[in-house]
Amino acid sequence: DTAVSQTPKYLVTQMGNDKSIKCEQNLGHDTMYWYKQDSKKFLKIMFSYNNKELIINETVPNRFSPKSPDKAHLNLHINSLELGDSAVYFCASSPSRQLLLRGYTFGSGTRLTVV
Amino acid sequence: GQQLNQSPQSMFIQEGEDVSMNCTSSSIFNTWLWYKQDPGEGPVLLIALYKAGELTSNGRLTAQFGITRKDSFLNISASIPSDVGIYFCAGQLSGNTPLVFGKGTRLSVIA
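Now for a description of the structure that goes with this document.

Criteria and thresholds
- Numbers given to residues run from 1 along each chain, matching the order in which its sequence is written.
- Labels follow written order: the first chain is A, the first ligand is 1, and so on.
- Side-chain atom pairs in this predicted model are given and counted only at pLDDT of 80 or more, local residue features only at pLDDT of at least 70, and totals for whole chains, interfaces and linings cover all residues.
- Note: side-chain values were computed over all heavy atoms of the structure, leaving out hydrogens and water.
- Secondary structure elements follow DSSP: runs of H or I of four or more residues count as helices, runs of E of two or more count as strands, with numbering from the N terminus.
- Each radius of gyration is computed over the set of C-alpha atoms, and the globule rule expresses the reference value as 2.2 Å times the number of residues to the power 0.38.
- Summary of the burial criterion: residues with accessible area below 20% of their type's maximum are buried, those above 50% are exposed, and those between are partly exposed, where the area comes from a 1.4 Å probe applied to protein chains only.
- A contact between two residues is defined here by any heavy atoms of the two lying within 4.5 Å.
- Method for areas: the Shrake-Rupley scheme with a 1.4 Å probe, in which residue coverage is limited to the protein chains shown.
- Two parts placed together each lose some accessible area under a 1.4 Å probe, and the buried area is that loss summed for both.
- What makes a salt bridge here is a side-chain nitrogen of Lys or Arg within 4 Å of a carboxyl oxygen of Asp or Glu, nothing more.
- In protein, a polar contact requires one atom able to donate a hydrogen and another able to accept it; more generally it is a pair of N or O atoms within 3.5 Å, and residues adjacent in sequence count only if both atoms are side-chain atoms.
- Here, two cysteine sulfur atoms that lie within 2.5 Å of each other are counted as a disulfide.
- Note on terminology: a nonpolar core comprises buried Ala, Val, Leu, Ile, Met, Phe, Trp, Tyr and Cys residues joined through side-chain atoms within 4.5 Å.
- DSSP-based pairing: two strands are paired if at least 2 bridges between them are found.
- Comment: axis = line fitted to C-alpha atoms, over the contacting stretch for helices; angle = value between 0 and 180 degrees taken between N-to-C directions.

## Topic: the overall build of chain B
A tally of regular secondary structure across chain B gives 0 helices and 11 strands. Ordered by position in the sequence, the α and β elements of chain B form the string β-β-β-β-β-β-β-β-β-β-β. Relative to the globule expectation of 13 Å for 111 residues, the C-alpha radius of gyration of chain B, 13 Å, shows essentially globular dimensions. Dimensions along the principal axes, computed over C-alpha positions, put chain B at roughly 40 × 30 × 20 Å. For chain B, buried positions account for 45% of its 111 residues. Considering only residue pairs separated by 6 or more positions, chain B has 52% of its internal contacts joining residues 24 or more positions apart. A total of about 5,000 Å² of accessible surface is found on chain B, and carbon and sulfur atoms cover 53% of it.

## Description of the interface of chain B and chain A
Between chain B and chain A, the residue contacts involve 22 residues of the former and 21 residues of the latter. Overall, the association of chain B and chain A removes approximately 1,700 Å² of surface from exposure, summing both partners, and the carbon and sulfur fraction of that is 59%. The three residues of chain B that bury the most area against chain A are Asn96, Pro98 and Phe101 of chain B, which together make up 28% of that side's buried surface. Put simply, chain B and chain A have 0 salt bridges between them. Counting the contacts that link chain B with chain A gives 5 residue pairs in polar contact (both at pLDDT 80 or more).

## Focus: the pattern of salt bridges
A full pass over the atoms with the stated rule returns 5 salt bridges over all chains. Asp38 of chain B is the partner of Lys36 of chain B in a salt bridge, and the nearest nitrogen-oxygen pair spans 3.2 Å. By relative accessible area, Asp38 of chain B is classed as partly exposed at 34%. Connected through salt bridges with shared partners, the residues Arg63, Glu82 and Asp85 of chain A form a single ionic network.

## A few points about the state of the cysteines
With the rule as written, the count across this model stands at 2 disulfides over all chains. Across a sulfur-sulfur distance of 1.9 Å, Cys23 of chain A and Cys91 of chain A are joined as a disulfide pair. Its S-S torsion of about -80 degrees marks the bond between Cys23 of chain A and Cys91 of chain A as left-handed, since a negative value means left-handed. In this pair, Cys23 of chain A is assigned in strand E3 (residues 19-25) and Cys91 of chain A in strand E9 (residues 87-94), connecting sequence segments 68 residues apart. Both residues of the pair, Cys23 of chain A and Cys91 of chain A, count as buried. For Cys23 of chain B, the disulfide goes to Cys89 of chain B, at an S-S distance of 1.7 Å. Across the disulfide from Cys23 of chain B to Cys89 of chain B, rotation about the S-S bond amounts to roughly -70 degrees, and the bridge is consequently left-handed. Here Cys89 of chain B lies in strand E9 (residues 85-92) and Cys23 of chain B lies in strand E3 (residues 19-24), a separation of 66 residues in the sequence.

## Digging into the nonpolar core
The biggest cluster of nonpolar side chains holds 22 residues, and the ones touching the most others in it are Trp32, Trp34, Leu74 and Leu107 of chain B. Among the elements of the structure, strand E2 (10-14), E3, strand E4 (31-37), strand E5 (44-49), strand E7 (61-65), strand E8 (71-76), E9 and strand E11 (105-110) of chain B are those that each provide at least two residues to this core. Residues Cys23, Met32, Val60 and Phe64 of chain A belong to the second largest nonpolar core, which totals 20 residues.

## Some details on the sheet that holds strand E1 (residues 5-7) of chain B
Residue and element names in this part refer to chain B. Ordered by their spatial adjacency, 5 strands build an open sheet running E1-E3-E8-E7-E6, and the pairing between neighbours is antiparallel. Either end of the sheet is taken by a strand with one partner, and the two such strands are E1 and strand E6 (55-58). Strand-to-strand, the axes of this sheet are offset by a mean angle of 15 degrees, without reference to chain direction. Here E7 runs beside E8; their pairing, made up of 5 bridges, is antiparallel. From the neighbouring strand, Ala63 faces E8, where its bridge partner is Leu74.

Structure representation (structure tokens):
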């Protein structure tokens, strides 16, 4: 039973399209995150949600819009995709943002390729 | 944004050798974590450190939280082929901030 699951695992799309990536966690965690990993493997925080409420929004273009229908789900919608959006996107969760007893649990990533 | 300086960037070692990698920062962190990422997978937590000076082991892995709270190292003893991967340090500045990651150390083990 996967703790943090993301779909799809691979996504190839053309520039200008709109796409969504879904994330679900079955750990009962309160806080969920989206990270972007570039071609050099650098992991950078994009968004953080706590109990469906947006608490962190780093300097991410407003073409990226996270949505959390409930605390077990955090989806990422991207409008007007650009070549530079190509990366691996990781969803993660933690029991809360204030306690870091076990760190974050990551999904296996979604590799987005914009052509 | 806040940066963690992780070194070395990559390492090639013989099976059986010991490995050491470290992270430093100009800021004080209240938590340091070490993750490993295998190809096609997300990072997996190896060791978490919460107190300055803390030394923690997990099998062949040992990590320490620097006394100044600005650095940490990870040692792997008697490396084996499955140790291959990218190792990341990560830190949390305060209870409400998200994890910040180092740029990773890519480990290759030659059998």
